[in-house]
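Below are the chains, spelled out letter by letter.
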Amino acid sequence: MTPRMPSRASAPPADWRDSLPPAEGRYSYAFLDEGAKREIRRRMLKAVAIPGCQVPFGSREMPIARGWGTGGLQLTLALIGPEDVLKVIDQGADDSVNAVNIKKFVTRVTGVAVTTDTAAATLIQTRHRIPEEPLRPNQLLIFQVPIPEPLRLVEPSERETRRMHAEADYSRMWLYLYEDIVKFNEITVGARYPVLVNRRHLMDPSPIPRWDLPKLDRGEALFLFCAGREKRIYAVPPYTEVQPLAFEDFAFRVEAFAGRRCARCGSVGTYLDEVIDDATGRRTYSCSDTAFCEKALRGNSVKEARPSGEDRA
Amino acid sequence: MGYVAVRGGAAAIENAEKFSEVRRAGGDATLLQPEQIREQLHLAVDRVMGEGSLYAPDLAALAFKQAAGDTFEAAFILRSYRTTLPRLGYSEPVATEGMRVIRRISAAFKDIPGGQILGPTPDYTLRLLDFELQDESVSQTRQRIQQLLRDTERLQPLPERFPKVVEMLRREGLLVQRHASGEDPGLADITRQAMAFPAPRSAQLQTLARGETGGMLALAYSNMRGYGSVHPVIGELRVGFLPVPFKNPRTGSVECIGEVQVTEAEVIARLTAAEGSARFSLGYGLCFGHNETKAIAMAVLDRAMSGGEPAAPSEDQEFVLTHVDGIESMGFCNHYKLPHYVTFQSELDRLRRIQARPGRPKDEQP
Amino acid sequence: MREAHSMNHDGRRSQKNYRNLLQALSRPGRVVRLDGPDGVLPFAAAVALAECLLDSEVGFCVIGNGSAQTLQTAIAGATGARTERLEAADFVFFSEAGSRGGARLAKRGGPESPEDGATLVYCLESQPAVVRDRFRVRLTGPGIPESSGIVPEISGIPLEEFQELVTINADYPLGVDAFFVRPSGEVMGLPRSTRIQVR
Ligand SMILES: [Zn+2]
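Residues numbered from 1 in each chain as written. Chains lettered and ligands numbered in written order. Predicted model: local features only at pLDDT ≥ 70, side-chain atom pairs only at ≥ 80, totals over all residues. Heavy atoms only, no water.

*Asks:* Sorry if this is basic, but what is going on with the interface of chain B and chain A here?
*Replies:* Often the size quoted for an interface is simply the accessible area lost on bringing the parts together. Contact with chain B, which involves 75 residues of that partner, is made by 87 residues of chain A. Summed over both sides, the interface of chain B with chain A buries roughly 6800 Å², with 57% coming from carbon and sulfur. Along the contact surface separating chain B from chain A lie eight salt bridges. Note that lysine 104 of chain A and glutamate 17 of chain B form a salt bridge whose closest N and O atoms lie 3.1 Å from each other. On the surface where chain B and chain A come into contact, there are 29 residue pairs in polar contact (both at pLDDT 80 or more). Breaking the side of chain B that touches chain A down by element, the ones donating at least two residues are helix H2 (9-25), helix H3 (34-40), helix H5 (57-66), helix H6 (71-82), strand E1 (100-105), helix H7 (138-153), helix H13 (326-335) and helix H14 (341-356) of chain B. (Contact = heavy atoms within 4.5 Å. Buried area = accessible area lost by both parts, 1.4 Å probe. Salt bridge = Lys/Arg side-chain N within 4 Å of Asp/Glu carboxyl O. Polar contact = N/O pair within 3.5 Å; in protein donor to acceptor, adjacent residues only side chain to side chain. Helix = DSSP H or I, 4+ residues; strand = E, 2+ residues; numbered from the N terminus.)

Here's what the structure looks like:
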């Protein structure tokens, strides 16, 4: 073996800054380049045309981390224009850190107006909730999705779940729920409850509570879902049947808050956060939808949210 | 009230950002220049470029500085910057025989045509903490390097091209032919299409090329140790510079628009009886920059996934390809820090309901 | 970070038009309006749609009588998309109201990738000769609130073409999705999920 010295790597430029792109105008409107927007737009149309079907797309890396809403963010950026009014929520709250961060980024690259008022928003990006206030036609609700595949619960392989969707073979999901009942006398799935869309595609509604599922069924707004890390887009158009999986003798149930009301605004019939007081250890409840709670406090809104089929048991 | 504190908005976020800035640059030490990082922490820069999937040493150095040395973060910053860049075209394919080599070894043969070139490697350096670097003198270091360069000038120059070691085996008919894209004649583009399984080999190699070094190492190591059947021999490992030929859209002629440094590994492994006739099969690894661990791990994984029915995680194409991306895995791992109280409330509801039921099944365990 | 708050003119038009196309496809049978680029009449609406969705990453095909070539040139010029055989095209444009059997040959996607089905764009006339035919058509399904169904809002689509779409999309979720555009900019969407009945 003859040890030899390598030839010198190419000479560095005189000033390394010369090779950087210019600082001004480095980011285009809504961050994504037009080609990326077009691809996302094409895929969204296919998702709308086949409700509940997961459409793969070439997810781009965003300046927020994978798993933190990059899917929802890409849809928002592909859709947004100067006339839009944006609302972003996380766990129902407008001022949750992640929601604030996403809002900050979108306004920075678009300059659009933001709001916390559900009724005033044209685009709503959400993680884990559907607002209590009923949505109107022309409003778009964009869900951040961590795991788009409802069958992942019973089957880890993408190849296999793809086949199951092709054949509408959802027997293993049914079996899972059935075994749950046998074991616990109850379906133990909390959030992320699987739903059947348009009587054909099994869909993961993202980790929204069961409380919110009735709002997906024949809603007036268009619901768009996107998982950035898993690179999937899917949709529920307005007036589309969305049914949680259930058995004839074992009905689907939303979370029970029977008898409880919001300690702040007094509303009944909203999804509640359970808050444990440091000092007393006492449990109190308040609306998870903070904008709804504010409105109710100011008396601008009826105190009853849209009935969500409260658990009667 | 812990969870409520997570709300509270813009001010908290801005302060968190400012505190990170304090951690990065708040000490008494001289502030790092990206140029220093690019030249003296070049292996970190290479790793960031590879995992960030963008060949841009200056930007990678800047990202590394900004991320305070976290390669996951730095690669992530570089990747998200990549999203904003328009795609202007595609370079022409290059053969790696023409690599301007700075290091090239084979473990399969004692002597190889063109010779073994050790080049820069710490492989044979004792890993003793070098206290002299503590107060390194610029003049002494420069002097030592100049002396070394003068000494090597007397040696004969390296040849322009090095024949590929594995070509010798191929000519003898000892290698199984594998194609870049399997049955698919076109090349996949994992940055534009979500992967479908089974993925063509082009998509496999692209995914591995920008995979996270540590994650790939863990999977490849599991195979080498026994959860798998690849017993690799390094046919050839090269580090060097490749030209980037690009067709000038105006004139139509192909011009070299620059060079990229890459590491290339070719591992040879015997086919098992189940996989067909007794021949060697090749695993291929190539990544940006100087990163031998990654290139070898990539080659082992490429080979491991080429068999039939997977018998171990590292042989399962879907398992490997969906878990090696550092940007994705790191993002998802950290997203659990986000509040999940809505879903947790939903879980609580289920649990309370089950517990409230009279006559619970006796085998019920939490 | 430097921000860009202004959208260029074409980007803005595409964004607005896209929102309308999304609206059209999520509310089948209803009419929305697109802004067309100047100077490409009578195909302004078709080109506006193309500009919004097509680029070098997709293939398209134009089928129809004499004016098909004009349309093809306009689309290629506006988008940089490659022309493709009908059977392999992602977007198929018909320069008239009917496909004359062409729609049957368009991609419908595979069982594991129904989304690969083509998008069809029909260019309707400004003043259709027959306007009452549409009352023989009922649309139901996702995006349509009335369970009894609605009548398509746009006229001038031959009944045979509705029949064609029924046949093509019988194997749901495999199938094609259609837009019908008029020179004035009016657009109606018919995704494959829409159930069409012709009396
Ligand atoms: Zn309240």
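Following the structure, the description resumes.
*Asks:* Can you help me understand the domain arrangement of chain B in this one?
*Replies:* All names here are of chain B. Split by domain assignment, chain B resolves into domain 1 (29-82) and domain 2 (96-329). Between the C-alpha centres of domain 1 and domain 2 the distance comes to 21 Å. Taken together, the contact pairs 14 residues of domain 1 with 18 residues of domain 2. Summed over both sides, the interface of domain 1 with domain 2 buries roughly 1300 Å², with 56% coming from carbon and sulfur. In this assembly, domain 1 and domain 2 are joined by two salt bridges. A salt bridge links arginine 47 to glutamate 212; the shortest N-O distance between them is 2.6 Å. Inspection of the region where domain 1 meets domain 2 yields seven residue pairs in polar contact (both at pLDDT 80 or more). (Domains from an automatic or database assignment.)

*Asks:* Help me out: how do you make sense of the coordination of the zinc ion in this one?
*Replies:* Expected angles at a metal are 109.5 degrees for tetrahedral coordination by four donors and either 90 or 180 degrees for octahedral coordination by six donors. Residues and elements named next belong to chain A. Surrounding the zinc ion are the protein donor atoms Cys262 (SG), Cys265 (SG), Cys287 (SG) and Cys293 (SG), which sit 2.2 to 2.3 Å from the metal. Between the four donor atoms coordinating the zinc ion, the angles at the centre fall across 105 to 120°, so the site counts as tetrahedral. The class for cysteine 265 is buried, based on a relative accessible area of 5%. (Donors = N, O, S within 2.8 Å, 3.2 Å for Na, K, Ca; no water. Tetrahedral: all angles 85-135°; square planar, octahedral: opposite > 155°, others 65-115°. Buried < 20%, exposed > 50% of the residue type's maximum accessible area, 1.4 Å probe, protein only.)

*Asks:* Hey, could you run me through unusual backbone geometry in this one?
*Replies:* The phi torsion of most residues other than glycine is negative, and most of the peptide bonds are trans. Cis geometry marks the peptide bond from phenylalanine 197 of chain B to proline 198 of chain B; its omega dihedral reads 5°. Mapped onto the elements of the fold, proline 198 of chain B is located in the loop between helix H8 (165-171) and helix H9 (201-209). The peptide bond linking tyrosine 172 of chain C to proline 173 of chain C adopts the cis configuration, its omega dihedral lying at 5°. The residue proline 173 of chain C is located in the loop between helix H4 (159-168) and strand E7 (177-181) in this model. In this model, phenylalanine 31 of chain A sits at a positive phi of 65°, which is unusual for a non-glycine residue. Inspection of the secondary structure assignment puts phenylalanine 31 of chain A in the segment before helix H1 (34-49). Despite not being glycine, tyrosine 239 of chain A shows a phi value in the positive range, around 50°. Relative to the elements of secondary structure, tyrosine 239 of chain A occurs in the loop between strand E9 (232-236) and strand E10 (242-244). Note on tyrosine 239 of chain A: relative accessible area 16%, which makes it buried.

*Asks:* In this structure, what is going on with the pattern of salt bridges? I would like to understand it.
*Replies:* When their charged atoms lie close together, side chains carrying opposite charge are able to pair. As enumerated under the stated definition, the model contains 69 salt bridges over all chains in all. In this structure, glutamate 266 of chain B engages lysine 164 of chain B in a salt bridge whose closest nitrogen and oxygen atoms are separated by 3.5 Å. Of this pair, glutamate 266 of chain B sits in strand E3 (residues 254-270) while lysine 164 of chain B is found in the loop between H7 and H8, placing the two residues 102 residues apart along the sequence. According to the relative accessible area criterion, lysine 164 of chain B is buried, its value standing at 8%. Here arginine 192 of chain C ties to aspartate 177 of chain C by a salt bridge, and the two come within 2.9 Å at their closest N and O atoms. Of this pair, arginine 192 of chain C sits in the loop between strand E8 (186-190) and strand E9 (195-198) while aspartate 177 of chain C sits in strand E7; the two residues are 15 residues apart in sequence, bridging distant segments of the chain. The residues arginine 192 of chain C and aspartate 177 of chain C share a single accessibility class, namely buried. What you see here is one network of salt bridges that share partners, running through Glu186, Arg210 and Glu255 of chain A together with Asp349, Arg350 and Arg353 of chain B.

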